[in-house]
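For reference, the chains in residue letters:
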Amino acid sequence: MNMAQLKVFLLRTNSWQKVLFGLPILVMVVMLLMDHSGDSVELGQAVYRPEMLQRLCKADQLSGDAGETYGEETENGIKYNVRTPANYDASVAHPLLLVFSPAGSNRAKTEKTTGFTFPATQAGFIVAYADHPELSPSTTVELGTIPSLMAKKWCIDEKQVYVTGHSDGGTSAMALAFMTGTRHIPRAIAPSAAGVAYDDLRDRRCPEPLPVMIMHSSKDRLFPGYGQQAVGWWAACNKCDPIPDKIANGCSSYSGCAGGVKTLYCEGDNIHSHWPERSQDIVEFFVSATQVSPRAK
């Protein structure tokens, strides 16, 4: 190899080294852009209700920022983004709205699809959007660690955790409420298009009465009829009267439930993958659940 050939070789080698060393940086940039993808985030100005002021935090011991926070993660690497009210007060214990993603989605897409950020932060919630992990009991337990992790950085009332999600996310939201090791975490749930039928529930021990809002479509071909089966089990667990009544928002509501908890079934007519677009109803349902006496922990 002569000197000219050596120079060409070194230049080529150097180019490949630049590519190899640059790939991790490129991947990080792409992931960052994906995390911030979609429309700009609009945060609501919270009206702090009197009951929220009964539990306080030491603000100087919390490092969580107000506004938008990206890329928080659980011990095993499930990432989630956090949104606070625009006027976040780190001394006030906020209720937490925890949103789980369906298969094929992630925290950024779920935020855009569900549109919870503005109405929930305006209602005084801190919101966390979690990525979709492979569905299993262990990943549901892992998702259930998010409130305690967040409470180390933000002023969270861990007795006021409200959970929703669509498809696999709805399955995890519901499972969190009936699995033995996690049933103490949610104060109320609003699963959508969950893959949980009566056969999955009938041998489960009922949790304490829990506000439940189940959304499912009559045209869901992946989990046909699962919503009606699941709400029947929850209504029995909540000791409600067996026949529900139609209410103004088109949902069915069971009456006479123990502890005054609401038990709702809301049926849509879209395909399985379609978010039901009831985000405002869900936020209002969770706000109403904050008025119910907390379950024993």
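The rules behind each value
Residues numbered from 1 in each chain as written. Predicted model: local features only at pLDDT ≥ 70, side-chain atom pairs only at ≥ 80, totals over all residues. Heavy atoms only, no water. Helix = DSSP H or I, 4+ residues; strand = E, 2+ residues; numbered from the N terminus. Buried < 20%, exposed > 50% of the residue type's maximum accessible area, 1.4 Å probe, protein only. Pairing = 2+ DSSP bridges. Axes fitted to C-alpha atoms, helices over the stretch in contact; angles between N-to-C directions. Parallel < 35°, antiparallel > 145°, perpendicular 65-115°, else oblique. Left-handed = near helix turned anticlockwise from the far one by under 90°. Contact = heavy atoms within 4.5 Å. Nonpolar A, V, L, I, M, F, W, Y, C, P; charged D, E, K, R; others polar. Disulfide = S-S within 2.5 Å.

A.B. asks: Can you walk me through unusual backbone geometry in this structure?
C.D. replies: Note on backbone geometry: most residues besides glycine have negative phi, and most peptide bonds are trans. In this structure, Ser-167 takes a positive phi of about 60° despite not being glycine. With respect to the element layout, Ser-167 can be found in the loop between β5 (156-166) and α6 (168-178). The backbone of Ala-193 sits at a positive phi, close to 55°, despite the residue not being glycine. By the element assignment, Ala-193 lies in the loop between β6 (188-192) and α7 (198-201). Relative accessible area serves as the criterion here: at 4%, Ala-193 is assigned to the buried category.

A.B. asks: Would you mind going over the pairing of strand β4 (residues 126-130) with me for this structure?
C.D. replies: Across a regular strand the side chains alternate sides, sitting on one face of the sheet and then on the other. Across the five residues that make up β4, a large majority, five, are buried. Neither face of β4 is open: one carries Ile-126, Ala-128 and Ala-130, the other Val-127 and Tyr-129, and all of them are buried. The sheet contact formed by strand β3 (residues 94-100) and β4 spans five bridges and is parallel. Among the inter-strand pairings, Val-99 is bridged to a residue of β4, identified as Tyr-129.

A.B. asks: Would you mind showing me how to read the packing of α6 against helix α8 (residues 226-237) here?
C.D. replies: In a packed pair of helices, the relevant descriptors are the angle between the two axes and the axis-to-axis distance. At a minimum axis separation of 13 Å, α6 and α8 run at an interaxial angle of 20°. Here α8 runs roughly parallel to α6, going by the angle between their axes. Handedness of the crossing formed by α6 with α8: left-handed. Judged by residue contacts, Met-174, Ala-177 and Phe-178 of α6 engage Ala-230, Trp-233 and Trp-234 from α8. Class assignment of the residues belonging to the contact of α6 with α8 gives a composition of six nonpolar, no polar and no charged.

A.B. asks: Sorry, what's going on with the state of the cysteines here?
C.D. replies: Put plainly, two cysteines are in a disulfide when a covalent bond ties their sulfur atoms together. Inspection of every chain in the model, using the stated rule, returns four disulfides. Two residues share a disulfide in this structure: Cys-57 and Cys-155, whose sulfurs sit 2.0 Å from each other. Judged by the sign of its S-S torsion, about 90°, the bond between Cys-57 and Cys-155 is right-handed. Of this pair, Cys-57 sits in the loop between α1 (3-35) and β1 (68-73) while Cys-155 sits in the loop between α5 (146-151) and β5, placing them 98 residues apart in sequence. The disulfide partner of Cys-240 is Cys-257, and the gap between their sulfur atoms is 2.1 Å. For the disulfide bridge between Cys-240 and Cys-257, the dihedral angle about the S-S bond is near 110°, and by the sign convention the bridge is right-handed. Highlighted residues: Cys-240 in the loop between α8 and β8 (245-246) and Cys-257 in the loop between β9 (252-254) and β10 (263-268), separated in sequence by 17 residues. The buried category is assigned to Cys-240, whose relative accessible area is 12%. When the cysteines of the protein that form disulfides are numbered from the N-terminus onward, they connect as 1-2, 3-4, 5-7, 6-8.

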